[in-house]
Amino acid sequence: MAVVEKEDFRVVGKSIPRLDAGGKVRGLTEYADDVDIPDCWHGAIVRSPVAHGRLLGLTFDSSFDWNLVAVVTSEDIPGKNIVDMMGQDMPFLAHDEIQYRGEPVALIAARTKALAKKSLAHVKVDVEEHPATLTMQDVVARFEKDPASLHLQWKQDIRKGNVTDALASADMVVEGEYWCGHQEQMYIEPQGMIAIPEKDGSIFILGSMQCPYYINPELCVTLDLPPEKIRVKQTAVGGAFGGKEDFPTLLGGYCALLAMKCGHPVKIIYDRHQDILYSTKRHPAWTRHVTGLNRDGTIAAMKIDFLLDGGAYTTLSPVVLFRGILHAAMGYECENVTINGRVFRTNTFPNGAFRGFGAPQSLWALESHVDVLAERCGMTPHDFRLKNCLRKGGVTPTGQVLKESVGSPAVLETALDKAGFAEKLTRCSAGDPSQDRWYGIGLSFFAHGAGFTGDGEARIKAKVALDLDYFEDGAPGINVRASSTEMGQGTMTILPQTAAEGLSISIDRVRYPYPDTQVVPDSGPTVASRTAMVVGATVYGAGEKMKAQLEKFASEALFDGQTVKLSDGRFESSSAGNSRAFEEVASLYLKQNGPLRVYNQFDLPPTIKWNQETFEGDAYPSYSWGCNIAEVEIDVLTLEIHVTKVTACYDIGRVLNPLLAKGQLEGGLVQCLGYAIMEKIQIQDGIPDANRMQTYVIPTMLDTPEFDLCFVEYPYDHAWPGAKGLGEIPMDGLAPAIANAIKRAAGVRITDIPITPEKLFEALKESGSIRGTEAS
């Protein structure tokens, strides 16, 4: 593909306002609960009252008129009673063993939401209760004593060099353990799905989702229907952050089973309380680092244990584990690396996808530990990172050679300079008792793999289409057809930008309708920081193909066979003054030939080699890079933590839309701020204790720090225009940067997030910095 310099782009790289903004700010956009479905019934779910046990049976109260509702149990499922995800261990409806509190055992649909809710009280769930494993702390305690006593859901290791010998010969060995808990996605719009039974026996499913082509094949197994009998369409999505990747299959399946039973459309819309209690969360994790260091400050060996709490069933946990271990030592030169990854079952709601997908957990541990390593070497945190960071030509723990598009150490050097880090480091309080407010500054450095792991993109073979047809205004335009979903991140804008760039026309004539499996090809799921890089490049290529076809048509139909070029929305030939507008040529094409559809498919470079069994080779097609610097102030009296400023630099390849990109970064950094110091969930009686917005504390505008954000661009040439991943990387680095800043402010290191004033008080008391309070 011809190299196009940045200044040659006409649409890409411009801060075009969101194309879907108008409907949203005017309140015209329809979300799942806004969709008016005639004769729609409402679904409700009968759930287990205990976290672990054996289901003995269901008792239906004879005083209730069951003719008013439709009931579905496991016996009514026409296909296999299984959620067709990794592990194949999760039933749609429990029928024997109960694995978590709230596990669905039956479904009910009624003409009104009130009647459906009322009916739940007339079903008794009889369960023989068994002992339950509920927390990551329980898992780690048993892992250290008797790992065989745990239920292992998945394992995967990474091996490079000889860690045992390298640790034995290292000048010093540094150990550390790091913990992180659940995190709730807290999207604005709760989960919601609708199923409509059709006269031909097919099912039409629509709702709030990330991945239409996940739902279709997974429900084929449960509903015993062929793919062409299950149509899936996205409605407007009010945020997702991974929480609407795998879970909509469950909710859509519940609606479909009820719709098939009662013969009416069925809708299930969670309220906030239900959503927090009964939807997937970020996996809690425990990481142990054992690191060998040389006196010159280089890293000799890294041995890492990385454990995840998978919840009751496997679902997507293996893939979360894969990304977690692939980032557990990523970013640093080290010839000897061992990473042991494990996912264990607990009797809690299954954990699933969340922005970052395992990387935030492993990078929280890594970047906290790197500061400890620097201190042990007597080096500043930035000098240690600059000495050890991977650069172009470096080799990752899987043996991947970083050959191109490497934004390291540029992101690190740029952020350090913008923040004035070295000078501010000398002003940290270190727990000075004479001060009223402690100041600290902290750093993190990280990479994030863009796209699916290894050969995942080769297996997916993302396909897109462009349709040339008439718009409602009577003029011709382009509809971009892909399964990538808009969920607030800007897909409805950046894909039209890349299409318009590939075609060399105005973006005013390009649209991106909501994905519908009846219309769009499968471009893969909206996950893994792949939309801009993989799907955007595929749309750009489709634009180039359509441009070539229209140029050929224009040459033959209007320019007497002369060479014609479409540029800036006009077809021009070598003849001076002879040009035609895109709309004129496109209208003539449609009149003579009818609508035009052009397909394009993404292909991985043939140089990508990956061994899925040994986890050796090229783990990702490319990497985005980032550096976060956090400044904090701590009230010495209350130990309240204020993050006052965040300076950050990112390499996300070509920045397709700077305005939207910075919005993504700011939103992700605020979400990670909550993960670092606010958002706390504990499991009580098998369910989250913080299960309402009154008790699950997330950042507000008052908590949002000053942001100083910038980009350095190292485009990924194989996926032109050269974008890399953006959606997940804002979640990766701020938590350890804040923890490192708190260490320099208060003089104590916290290794368990969220870092609350209570944890800080206990750490200070344990260190002897403050005396314990006397009983009043």
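Presented here is an overview of the structure given in this document. Just so you know, the residues in each chain are numbered from 1, in the order the chain's sequence is written. This being a predicted model, a pLDDT of at least 70 is required before a residue's local features are given, and a value of 80 or more before pairs of side-chain atoms are given or counted; all residues contribute to the totals for chains, interfaces and linings. As a convention, hydrogens and water are excluded, and side-chain values are obtained from all of the structure's heavy atoms.

**Focus: the overall build of the protein**
Part 1 of the argument: Check the secondary structure of the protein and you find 19 helices and 31 strands.
Part 2 of the argument: Every radius of gyration here is taken over C-alpha atoms, with the globule rule written as 2.2 Å times N^0.38, N being the number of residues. Relative to a compact globule of 776 residues, whose C-alpha radius of gyration would be 28 Å, the protein shows 27 Å and is just as compact.
Part 3 of the argument: For the protein, the C-alpha atoms occupy an extent of roughly 85 × 80 × 50 Å along the three principal directions.
Part 4 of the argument: Every one of the 776 residues in the protein was classed for burial, and the buried ones make up 63%.
Part 5 of the argument: Considering only residue pairs separated by 6 or more positions, the protein has 80% of its internal contacts joining residues 24 or more positions apart.
Part 6 of the argument: When the accessible area of the protein is evaluated, it comes to approximately 29200 Å², of which 50% is carbon and sulfur surface. In this description a helix means any DSSP run of H or I spanning at least four residues, a strand means any run of E spanning at least two, and both kinds are numbered starting from the N terminus. Classification of residues uses two cut-offs on accessible area relative to the type maximum, computed with a 1.4 Å probe and protein chains only: under 20% is buried, over 50% is exposed, and between them is partly exposed. A contact between two residues is defined here by any heavy atoms of the two lying within 4.5 Å. Using a 1.4 Å probe, accessible areas were evaluated by the Shrake-Rupley method; residue-level cover was limited to the displayed protein chains.

**Examining the nonpolar core**
Taken as a class, soluble globular proteins show a tendency for nonpolar side chains to be buried jointly.
Part 1 of the argument: Within the largest apolar cluster, 112 residues are counted, with the highest numbers of intra-cluster contacts made by W625, I629, I634, I738 and L760.
Part 2 of the argument: Among the elements that line this core, the one with the most residues is helix α9 (residues 359–377), at 10 residues.
Part 3 of the argument: Excluding residues that lie within four positions of it along the chain, I629 makes contacts with A415, L416, A419, F421, I441, G442, L443, K645, V646 and T647. Nonpolar core, defined: a set of buried Ala, Val, Leu, Ile, Met, Phe, Trp, Tyr and Cys residues in which side-chain atoms within 4.5 Å join the residues together.

**A short note on the pattern of salt bridges**
Part 1 of the argument: Criterion for a salt bridge: a side-chain nitrogen of Lys or Arg within 4 Å of a carboxyl oxygen of Asp or Glu. Applying the stated criterion across every chain yields a total of 40 salt bridges.
Part 2 of the argument: A salt bridge links E706 to K645, with the nearest nitrogen and oxygen atoms 4.0 Å apart. With E706 in strand β30 (residues 706–711) and K645 in strand β27 (residues 641–651), this residue pair connects regions lying 61 residues apart in the sequence.
Part 3 of the argument: Among the charged side chains, a salt-bridge network with shared partners connects E367, D371, R385, R744 and R749.

**Some details on the state of the cysteines**
Part 1 of the argument: Throughout, a disulfide means two cysteine sulfur atoms within 2.5 Å of one another. Using the criterion set out here, one finds 0 disulfides in the structure.
Part 2 of the argument: The closest cysteine sulfur to the non-disulfide-bonded C334 is located on C377, 13 Å from its own sulfur.
Part 3 of the argument: Of all cysteine sulfurs, the one in C649 lies closest to C627, which takes part in no disulfide; the gap is 7.6 Å.

**Things to note about empty space enclosed by the protein**
Part 1 of the argument: For cavity detection a 1 Å grid was placed over the protein atoms alone, and a set of points counts as a cavity when a 1.4 Å probe fits there but cannot get out; an open set counts as a pocket when protein lies on both sides within 12 Å along at least five of seven lines, with lining residues being those that have an atom within 4 Å of a point. Grid points are joined across faces, edges and corners, and a volume is the space filled by probe spheres set on the points. The tally for this structure, following the rule as stated, stands at 5 cavities of 30 Å³ or more.
Part 2 of the argument: One number sums up the size of the largest cavity: a volume of about 110 Å³.
Part 3 of the argument: Lining the largest cavity are 14 residues, with L277, T348, F349, I683 and P688 positioned closest to its centre.
Part 4 of the argument: Contributions of two or more residues to the lining of the largest cavity are made by α7 (272–277) and β29 (687–688).

**Here's the deal with the layout of surface pockets**
Part 1 of the argument: Taken as a whole, the second largest pocket spans an internal volume of roughly 680 Å³.
Part 2 of the argument: Note that Gly is not counted as nonpolar here; it falls among the polar residues with everything else outside the nonpolar set of Ala, Val, Leu, Ile, Met, Phe, Trp, Tyr, Cys and Pro and the charged set of Asp, Glu, Lys and Arg. Looking at the lining of the second largest pocket residue by residue, the classes come out as 13 nonpolar, 5 polar and 8 charged.

**Some remarks on the environment of E758**
Part 1 of the argument: For E758, the location among the structural elements is in helix α19 (residues 757–767).
Part 2 of the argument: For E758, a relative accessible area of 54% translates into the label exposed.
Part 3 of the argument: Distance from E758 to E640, taken between C-alpha atoms, is 9.2 Å for residues 118 residues apart in sequence.

**Looking at helix α5 (residues 212–223)**
Part 1 of the argument: The span you would expect from a helix comes to 1.5 Å times its residue count less one. An ideal rise of 1.5 Å per residue puts 16 Å on 12 residues; α5 measures up with 16 Å between its terminal C-alpha atoms.
Part 2 of the argument: Every buried residue of α5 is accounted for by P212, I215, N216, E218, L219, C220, T222 and L223.
Part 3 of the argument: Of the residues trailing α5, D224 is marked for its positive phi of about 55 degrees.

**Here we look at the packing of helix α14 (residues 491–503) against helix α15 (residues 531–558)**
Part 1 of the argument: The contact between α14 and α15 brings their axes to 7 Å, and the two run at 35 degrees. As for the relative orientation of α14 and α15, their crossing is right-handed in sense. Of the residues in α15, those in contact with T491, I494, L495, T498, A499, E501, G502 and L503 of α14 are T531, A532, V535, G536, V539, Y540, G543, E544, M546 and K547.
Part 2 of the argument: Among the residues making up the contact of α14 with α15, the classes are represented as 9 nonpolar, 6 polar and 3 charged. Simply put, an axis is a line fit to the C-alpha atoms, just over the touching stretch for a helix, and the angle between two N-to-C directions goes from 0 to 180 degrees. Definitions for this section: a left-handed crossing has its near helix turned counterclockwise from the far helix by less than a right angle. A right-handed crossing has that turn clockwise.

**Some details on unusual backbone geometry**
Negative phi is the rule for most residues except glycine; trans is the rule for most peptide bonds.
Part 1 of the argument: Geometrically, the link from W720 to P721 is a cis peptide bond, its omega value of 20 degrees lying close to zero.
Part 2 of the argument: Within the secondary structure, P721 is located in the loop between β30 and α18 (734–746).
Part 3 of the argument: A cis amide bond, omega 5 degrees, links I753 with the succeeding residue P754.
Part 4 of the argument: The topology assignment puts P754 in the loop between β31 (752–753) and α19.

**Structural notes on the packing of helix α17 (residues 658–677) against α18**
Helix packing geometry: the angle between the two helix axes and the distance between the axes.
Part 1 of the argument: Relative to each other, α17 and α18 sit at 50 degrees, their axes nearing to 8 Å. Put simply, α17 runs oblique to α18. For the crossing formed where α17 meets α18, the hand is right-handed. Every residue of α18 that contacts α17 at L669, C672, L673, A676 and I677 is listed here: L734, A735 and I738.
Part 2 of the argument: Of the residues in the contact of α17 with α18, the class split is 8 nonpolar, no polar and no charged. Throughout this description, any angle smaller than 35 degrees is read as roughly parallel, any larger than 145 degrees as roughly antiparallel, any in the 65 to 115 degree range as roughly perpendicular, and the remainder as oblique.

**Here we look at helix α8 (residues 317–327)**
Part 1 of the argument: Extensive coverage of α8 is indicated by the burial of 10 of its 11 residues.
Part 2 of the argument: Of the residues making up α8, those classed as buried are S317, P318, V320, L321, F322, R323, G324, I325, L326 and H327.
Part 3 of the argument: For α8, the secondary structure elements touched by its buried residues are β7 (152–160), β14 (299–311), β15 (337–345), α9, β16 (437–450) and β24 (610–611).

**Focus: the side chain of E551**
Part 1 of the argument: Note on placement: E551 falls in helix α15.
Part 2 of the argument: The side chain of E551 sits in the buried core without any salt bridge; K547 is the nearest counter-charge, 4.2 Å away.
Part 3 of the argument: Those residues in contact with E551 that lie beyond four places of it in its chain are V564, K565, L566 and F571. For the purpose of charge, His is not counted, nor are the chain termini; Lys and Arg are scored as positive and Asp and Glu as negative.

**Observations regarding the sheet that holds β14**
Part 1 of the argument: Only when DSSP finds a minimum of two bridges between them are two strands counted as paired. The 6 strands lie next to each other as β7-β15-β14-β13-β8-β31, forming an open sheet whose pairing is mixed. Looking along the sheet, the strands with just one partner apiece sit at the ends: β7 and β31.
Part 2 of the argument: As judged from the 9 bridges shared by β14 and β15, these two strands associate in the parallel manner. Residue pairing across strands places I304 opposite I339, the latter belonging to β15.
Part 3 of the argument: In the packing of α9 onto the sheet, the strands contacted are β8 (172–180), β13 (285–293), β14 and β31, and the crossing angle to β8 comes to about 145 degrees.

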